[in-house]
Amino acid sequence: MMLHRNPLLWINIAAVVVMVLAWQGLALLFANQDVGALRTPLIPGWEMIFRESLPAMENYRAGSRGLGLDEGSVMGGIAVLADHAVDTCLRLFTGLALGALLGVGIALLVSMSRIARAVAALPGHILRTLPVLAMVPLVQVWFGVSFTGMVAFVAFGAGGLLFVGTLNAVANVPQHYIDAARSLGASRLRVYRTVILPAIFAELQSSIVLCLALSWSIVVGAEFLGAQSGLGFIQVQAKQFALLDRMVVVALVFLLFSTVIYLAFDRLSRFLLRWQPDTRD
């Protein structure tokens with residue numbers, strides 16, 4: 001019934017199937033290619049990923065260097081991946097929460113004053129255009145290899161983006177909305193609570209989606225600081241030993257998580273903006 005109501009879902013499913021088959025086709029095409037120093041095929045096929053790569057993830061249990069040659073079980077590998085994913089997600093969502101609190105909160109405070117908004121606009125855009133990964137060595141010097149440093153790194157990247165997005169969203173709220181509320185006797189705080197906050201969410205959606213996508217790259221960069229756990233840790237270990245198939249597995253985990261989070265946020269957005277006409281279907 002759902003597929004009948006939403007034919008675009010068939011197109012999405014077909015696109016995923018084509019991508020899966022295309023990957024397998026490329027794996028077969030490059031199966032006999034000389035891979036030099038790589039210890040695995042240039043493009044590992046799905047059979048190798050499920051038969052060898054996933055069980056090999058058991059080598060990344062706490063305290064392991066990640067090279068071990070003995071393979072475990074698929075479920076054991078998935079359990080180890082899940083354990084590392086918990087650490088990554090904890091760093092990610094803590095940093096996102098802190099970045100959103102600071103970025104959105106400061107932007108709302110600044111937007112209350114036209115002068116403050118004009119003064120903060122240029123510095124905000126400068127911070128937004130700063131390559132976040134370029135800050136990795138600096139954060140490492142400031143905080144060392146610690147949970148605080150990784151969270152601060154994610155918060156910096158997310159907060160800068162949301163700060164600028166919030167300022168633009170507040171500036172684009174139609175003035176007649178605000179005038180109507182003030183004519184009814186609403187205070188400035190009440191105008192923000194009942195008019196501006198609901199009005200900016202629709203425009204802030206794109207900034208939030210971009211922030212969610214970018215944050216996965218930021219948290220991997222944070223874990224490159226020398227973390228001893230997390231999905232980024234597995235990537236570093238796999239790269240050191242030229243195990244491309246294990247890097248692909250971790251990339252697929254990131255893809256799965258980011259897709260689930262995007263779909264969850266899309267559902268939440270539809271609920272919060274249910275008062276708006278929905279033209280996306």
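The rules behind each value
- Residues numbered from 1 in each chain as written.
- Predicted model: local features only at pLDDT ≥ 70, side-chain atom pairs only at ≥ 80, totals over all residues.
- Heavy atoms only, no water.
- Core = buried A, V, L, I, M, F, W, Y, C linked by side-chain atoms within 4.5 Å.
- Buried < 20%, exposed > 50% of the residue type's maximum accessible area, 1.4 Å probe, protein only.
- Helix = DSSP H or I, 4+ residues; strand = E, 2+ residues; numbered from the N terminus.
- Polar contact = N/O pair within 3.5 Å; in protein donor to acceptor, adjacent residues only side chain to side chain.
- Contact = heavy atoms within 4.5 Å.
- UniProt positions renumbered as here; feature names shortened; annotations may be inferred.
- Expected span 1.5 Å × (residues − 1).
- Bend = angle between axes of the 7 residues up to and from the residue.
- Salt bridge = Lys/Arg side-chain N within 4 Å of Asp/Glu carboxyl O.

1. What about the nonpolar core?
Here comes step 1: Tyr 60, Leu 81 and Phe 153 are the most contacted members of the largest nonpolar core, which has 57 residues in total.
Here comes step 2: At the level of secondary structure, the elements contributing two or more residues to this core comprise helix 3 (46–56), helix 4 (74–111), helix 6 (136–143), helix 7 (147–171), helix 8 (175–183), helix 9 (188–223), helix 10 (231–240) and helix 11 (244–272).
Here comes step 3: Counting residues per element, this core draws most heavily on helix 9, at 14 residues.
Here comes step 4: Residues Ala 120, Phe 163, Val 164 and Leu 167 belong to the second largest nonpolar core, which totals 6 residues.

2. Considerations on the side chain of Ser 111
Here comes step 1: Residue position: Ser 111 is located in helix 4.
Here comes step 2: Using a relative accessible area of 4% as the deciding quantity, one classes Ser 111 as buried.
Here comes step 3: Here Tyr 192 takes part through its side chain, which lies 2.9 Å from a polar atom of the side chain of Ser 111.
Here comes step 4: If near-sequence neighbours (up to four positions away) are discounted, Ser 111 is found in contact with Arg 117, Leu 167, Val 170 and Tyr 192.

3. Some details on the UniProt feature "transmembrane region" (unreviewed entry) in the chain
Here comes step 1: Taken from the UniProt record, the annotation "transmembrane region" (unreviewed entry) applies to residues 7–31, 92–113, 125–145, 151–174, 195–219 and 247–265.
Here comes step 2: Segment residues 195–219 splits into 100% helix and 0% strand. End C-alpha atoms: 34 Å apart.
Here comes step 3: Its end C-alpha atoms 27 Å apart, residues 247–265 is made of 100% helix and 0% strand.

4. A short note on helix 5 (residues 114–129)
Here comes step 1: For helix 5, built from 16 residues, the straight-helix expectation of 22 Å at 1.5 Å per residue is met to within 8% by its first-to-last C-alpha distance of 23 Å.
Here comes step 2: At Ala 121, helix 5 shows its maximal bend, which comes to roughly 35 degrees, and the proline Pro 123 appears one to four places after that position.

5. Digging into the pattern of salt bridges
Here comes step 1: Inspection of the entire model under this criterion finds 5 salt bridges.
Here comes step 2: With its nearest N and O atoms 3.6 Å apart, the salt bridge here joins Arg 51 to Glu 47. With Arg 51 and Glu 47 both in helix 3, this residue pair falls 4 residues apart, about one helical turn.
Here comes step 3: Exposure remark for Arg 51: the relative accessible area of 48% places this residue in the partly exposed category.
Here comes step 4: By relative accessible area, which is 55% here, Glu 47 ends up exposed.
Here comes step 5: Salt-bridge contacts for Arg 61 lead to Glu 58; the nearest nitrogen and oxygen are separated by 3.1 Å.
Here comes step 6: Given the relative accessible area of 42%, Arg 61 is considered partly exposed.
Here comes step 7: By sharing partners, the salt bridges in this structure join Glu 47, Arg 51 and Glu 52 into a single network.

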